[in-house]
Amino acid sequence: MPHDLVLAGCALDGEKADLGLAGGRIARIAPPETLTGAEVLRCDGLLVLPGLVDGHIHLDKTYLGLPWRPHRPDATVAGRIEAEKAERRAIAEPMALRARRLVEQVVARGTTALRTHVDVDTEVGLAGLHALLALRAEVAHLCDIQIVAFPQSGVVSHPGAAGLLEEAIRAGADVMGGLDPAGIDEDIEGQLGIVFGIAERQGVGLDIHLHDPGELGAYELRRIAARTRAAGMQGRVAVSHAYALAMVEEATLARTAAALAEAGVAVMTNGPGPEPIMPVKRLVAEGVAVFVGSDNIRDAWSPYGNGDMLERARLVGYRAALLTDAELRLGLDLVTAASARVMGRESGIAEGAPADLVLVRAAHGPEAVAGAPPRELVVKAGRVVARAGRLV
Ligand SMILES: [Zn+2]
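Because the structure is predicted, anything quoted here is derived from the model rather than measured.

Within strand S12 (residues 265-269), five of the five residues are buried, which leaves it mostly tucked inside the rest of the structure. Where strand S11 (residues 237-241) lies against S12, four bridges are found, and the strand directions are parallel. In the sheet register, Val239 faces S12, and the bridge partner there is Val267. Assessed by its sense of winding, the connection that carries the chain from S11 through helix H7 (residues 250-263) to S12 is right-handed. Pairing analysis gives three bridges linking S12 to strand S13 (residues 290-292), with the strands arranged parallel.

Put into structure tokens, the structure is as follows:
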């Protein structure tokens with residue numbers, strides 16, 4: 001079978017092999033130096049990993065490419081939301097340009113699929129969504145983008161938000177969002193009723209930002225799990241951050257983890273700096289689907305971040321004490337297959353799998369997570385899209 005591209009003499013976790021790519025997929029895995037194709041790339045033992053998947057990013061918020069903007073902290077979430085709106089009004093450059101820079105940067109670092117949240121409220125309306133829908137089409141050859149309609153200004157507490165959010169889904173957003181039903185809306189069942197209602201009516205998944213702490217946040221997690229089961233949405237609901245999982249006593253943690261596992265509700269961590277990190281190993285052992293994303297990159301919320309998901313895996317692994325080889329493999333899974341599953345995507349190195357690949361100089365997955373080496377080659381749908389950290 002003629003291959004479009006052969007990655008010759010690469011390494012698959014200890015074994016040398018040739019990968020024959022055709023039609024955007026891995027058509028053949030064979031012993032080294034045996035396959036032929038229209039193009040043959042000698043890989044000199046580079047390790048092949050599945051394309052990295054960023055499960056949570058905010059393309060519309062980044063200031064990437066603008067002159068450095070000093071971070072201005074605010075004690076409250078509401079204060080930060082207002083500060084962000086003021087900063088956004090002061091920037092003349094169209095958001096789509098900055099979002100595109102960020103996409104190009106993350107692709108150069110090996111991300112081949114991502115889930116972005118996009119602000120939807122009465123000030124920005126659906127403008128951000130339409131800009132990202134256009135960008136998604138422009139960069140389809142580089143990266144697959146899934147879009148979450150994100151109520152940054154609240155749902156119940158922000159008149160007009162509910163209608164706009166439903167309109168956003170009809171306009172092409174893939175997933176319904178949510179934000180701190182207690183902390184922002186002070187109406188847990190009110191917000192959950194609206195966002196689950198839209199998700200059910202429109203037949204989409206749900207991904208809720210939840211920063212609410214302690215017992216309150218854990219209670220909200222169990223309410224989300226209960227509503228997920230009632231709606232028959234097992235496997236289609238995620239909660240991002242879920243800081244409460246790091247704050248509650250053992251009995252509450254056990255009860256909440258069991259509820260999440262039973263309802264197939266996934267939880268996302270970015271290895272947060274000043275916040276406690278969820279007990280990743282414990283949650284995975286309890287059967288909870290944990291995945292990883294960058295979250296904010298150089299924006300009103302954080303001056304940090306670069307969208308490098310191997311570096312993110314290292315950060316999460318460092319904070320969550322992923323130390324043995326098996327645990328480091330879990331770290332790699334969090335930024336590949338686990339995030340892909342939440343997005344409803346395939347991931348892996350196998351015949352028939354999508355040819356979304358990243359090649360690094362490392363012996364195996366654990367070493368790649370521990371060291372986060374530079375990306376030598378990035379392949380999207382069977383085509384080389386970046387080499388030595390730059391788009392081609
Ligand atoms: Zn976020």
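Tracing the sequence through the fold places Leu330 in helix H10 (residues 325-334). When the C-alpha positions of Leu330 and Lys281 are compared, they lie 8.6 Å apart, and in sequence the two are 49 residues distant. The residues touching Leu330, leaving out its near neighbours within four places in the chain, are Val280, Val284 and Leu322.

A few words now on unusual backbone geometry. Positive phi, close to 30 degrees, is recorded for Asp180, a residue that is not glycine. Tracing the chain through its elements places Asp180 in the loop between strand S9 (175-179) and helix H5 (188-202). The exposure class of Asp180 is buried, given its relative accessible area of 3%. The residue Glu186 is not glycine, and still its phi comes out positive at about 50 degrees.

Below, the discussion takes up the pattern of salt bridges. Inspection of every chain in the model, using the stated rule, returns 31 salt bridges. Residues Arg329 and Asp13 are paired through a salt bridge, measuring 2.5 Å at the closest nitrogen-oxygen approach. Taken together, the residues Arg329 in helix H10 and Asp13 in the loop between strand S1 (3-12) and strand S2 (15-22) connect sequence positions 316 residues apart. Of the charged contacts in the structure, one is a salt bridge between Asp44 and Arg361, with a shortest N-O distance of 3.4 Å. Of this pair, Asp44 sits in the loop between strand S4 (37-42) and strand S5 (47-50) while Arg361 is found in the loop between strand S14 (357-360) and helix H12 (365-371), placing the two residues 317 residues apart along the sequence. Note on Asp44: relative accessible area 60%, which makes it exposed. Each member of the salt-bridge network shares a partner with another, and the members are Lys61, Glu84, Arg88 and Asp119.

Within the protein, His56 (NE2), His58 (NE2), His209 (NE2) and Asp295 (OD) serve as the donor atoms for the zinc ion, at 2.1 to 2.2 Å. In this structure, the zinc ion is surrounded by four donor atoms whose angles at the metal cover 88 to 167 degrees, and the resulting shape is irregular. Expressed as a motif, the donor residue spacing for the zinc ion is H-x1-H-x150-H-x85-D. Of the two residues, His56 sits in strand S6 (residues 52-57) while His209 sits in strand S10 (residues 205-210), which places them 153 residues apart along the sequence. Across this residue pair, the class does not change: His56 and His209 are buried.

Rules and cut-offs
Residues numbered from 1 in each chain as written. Predicted model: local features only at pLDDT ≥ 70, side-chain atom pairs only at ≥ 80, totals over all residues. Heavy atoms only, no water. Buried < 20%, exposed > 50% of the residue type's maximum accessible area, 1.4 Å probe, protein only. Helix = DSSP H or I, 4+ residues; strand = E, 2+ residues; numbered from the N terminus. Pairing = 2+ DSSP bridges. Right-handed = clockwise from strand over helix to strand, strands pointing away. Contact = heavy atoms within 4.5 Å. Salt bridge = Lys/Arg side-chain N within 4 Å of Asp/Glu carboxyl O. Donors = N, O, S within 2.8 Å, 3.2 Å for Na, K, Ca; no water. Tetrahedral: all angles 85-135°; square planar, octahedral: opposite > 155°, others 65-115°.

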